Structure formats: C-alpha cells, structure tokens
Amino acid sequence: MTEGIDDAGTANTAAAAKAAVVTGASTGIGEATVRALRSEGWTVYAVARRADRLTALAAETGAVALPADVTEDADVARVLDEVTRAGGIDTLINVAGGARGADKVADAKTDDWDWMYQVNVLGTMKLTRAFLPMLRACGEGTVLNLTSTAGLSAYEGGGGYNAAKFAQHALTGALRLEEAEHNVRVIEVAPGLVQTEEFALNRLGGNPDAAAKVYRGVEKPLTAADVADVVRYAVVAPHHVNLDQIVIRPVAQAANYKLIRKG
C-alpha cells in the first residue's frame, strides 16, 4: 500500500515508486486527480490536449506534462514512448471524456455522438491497449476508468452520453475479467452530479446560463476534488483490494432522475 507522507513529513519509498498516467488532466476531475496523487508523492504524467494548462499544472504540482489527444493513435504512441523512457508506470487512470448535447434520440446530432464515442470509449481503449503490456509486466498494475452514473441508468436527453458511458462501463467490466490472470486490477468510478468549471458548459454549447441551471438549487453538488479523493483512495489501497465499481453521488441526488433542488 502506498502510505504517502510519513510522520516526518517526507514521502516514503513506496509512494515515491508509484507512478500513474492521468488523462483529461487539464481540467476538472482529471486535474484534481493529478493534484491528489502528487500529494501522495506519486510520479504523475498529466495527459490532455491543452498544453498551456498542463504546463501551469506541472509547474504548480511537479507533475510531468504530456500534451496529447487520446483519440489520436500517433499521440498515444508518443505518450507511451515518453513514459517508457522515463521509467514507466504501474497505474493508468482514464479520466478524459465528456458530453455534448442534451438532445433526444429523435433529434440526435451525429457529430456529437461521434465525438462522445471517440473520447469516452475509443480514447479509453487506446490508452489501455497501449499501456497493458507495461501494467502486466510491473506485476501489480492498475487501470481505473472514470465512467458515470449515465453509464448505469439512461435518462431522457442523455441518449448519446448514455450510449458512450454504457460502452465504457462494459469495456471496463470485460477488461477486469480479462486481466485478473495478469494481476491487473480494474476499477470503475462512476460519479453522478459533479459541478466543474467546464462539463455542463461544454455539453450545453458554451451557454453559461444553461450550464448554471444544471446545478441551481442543489445543495452541495460533488466537486472535482471529491471525486479525485475517491480515485486516490481506490488506487492507494493495497493492490489485492479491488474496488470493482464505486458509485458516488451528492446526497441531494438519490438517482439520475431524482435530484433535490431548493429555493
């Protein structure tokens, strides 16, 4: 188990030896996960498309910035090469993803659906496929996929995002069955309503009023740091402990279709 910072205030040897790739690291849950693991003394390779944000995060936290698009094969190959030359990892955390649009299926926009499938599903597959040999070889590898409660229960206006996240959820389940014999543990963290700076804004076409309405009246929605803390706990746990699936919601959200709003 990675113990993080000991009583003397220094990272112990176990923590210093741990290393992870975190995708989607330029914002939201991915960025918060980088911060959480760096606080444990881990080496963290932060992967996202926006180089400027990664550079700032690296300067602040000591993470290694690797600008890349997880849907592009050449970028994935470059990330694998750079991480391999730097010493490798034992943990892959797939956070990159997102939603576009809230249309019903009858009004579905092909470009939105294609983007969601590319990022949430194929991006996860491509990073995982690339790093599995390394994770197997290290002896105690971990893959953690950040999915969503949208991948466990469908809702109106969520068809495209539901479809992508259901696929990512299924991918994660199959991977767990396939990799157990290689001592690679596979974890799924499925958040509900999380208030971040960009998720709802991106989904709703950059409309700040529409994005704000998603959270209006909800007391204490989850934050990116809340989810990152759960991710941290799951990957820091002793390797023989596999938290197969963790569903995390704010108390105000009893289900996808039941959200308490006040005021």
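Residues numbered from 1 in each chain as written. Predicted model: local features only at pLDDT ≥ 70, side-chain atom pairs only at ≥ 80, totals over all residues. Heavy atoms only, no water.

One can find L132 in helix α5 (residues 110-137). Each C-alpha atom, one on L132 and one on L66, is 19 Å from the other, the two residues being 66 residues apart in sequence. Ignoring sequence-local partners within four residues, the contact set of L132 consists of L175 and E179. (Helix = DSSP H or I, 4+ residues; strand = E, 2+ residues; numbered from the N terminus. Contact = heavy atoms within 4.5 Å.)

Here we come to the sheet that holds strand β2 (residues 43-48). Here seven strands make up an open sheet; going across it, the order is β3-β2-β1-β4-β5-β6-β9 and the pairing parallel. In this open sheet, the two edge strands, each paired with only one partner strand, are β3 (64-67) and β9 (245-248). With direction set aside, neighbouring strand axes in the sheet form an average angle of 15 degrees. The pairing of strand β1 (residues 19-23) with strand β4 (residues 91-94) spans three bridges and is classified as parallel. (Pairing = 2+ DSSP bridges. Axes fitted to C-alpha atoms, helices over the stretch in contact; angles between N-to-C directions.)

The element β1 is largely enclosed, with a buried count of five among its five residues. Covered by surrounding structure in β1 are A19, V21 and T23 together with A20 and V22, the residues of both alternating faces. Where β1 lies against β2, five bridges are found, and the strand directions are parallel. In the strand pairing of β2, V21 is matched with Y45. Handedness of the β-α-β unit built from β1, helix α2 (residues 28-39) and β2 comes out right-handed. (Buried < 20%, exposed > 50% of the residue type's maximum accessible area, 1.4 Å probe, protein only. Right-handed = clockwise from strand over helix to strand, strands pointing away.)

To continue, consider the nonpolar core. Side chains that are nonpolar tend, in soluble globular proteins, to be buried together. Membership of the largest hydrophobic core comes to 32 residues, with the highest contact counts inside it found for V34, L37, I93, L144, V189 and V227. In terms of residues, this core owes the most to one element, helix α9 (residues 224-236), which gives seven residues. Setting aside chain neighbours within four positions, we find V189 in contact with L144, N145, L146, T147, S148, V227, V230, V231, I246 and I248. (Core = buried A, V, L, I, M, F, W, Y, C linked by side-chain atoms within 4.5 Å.)

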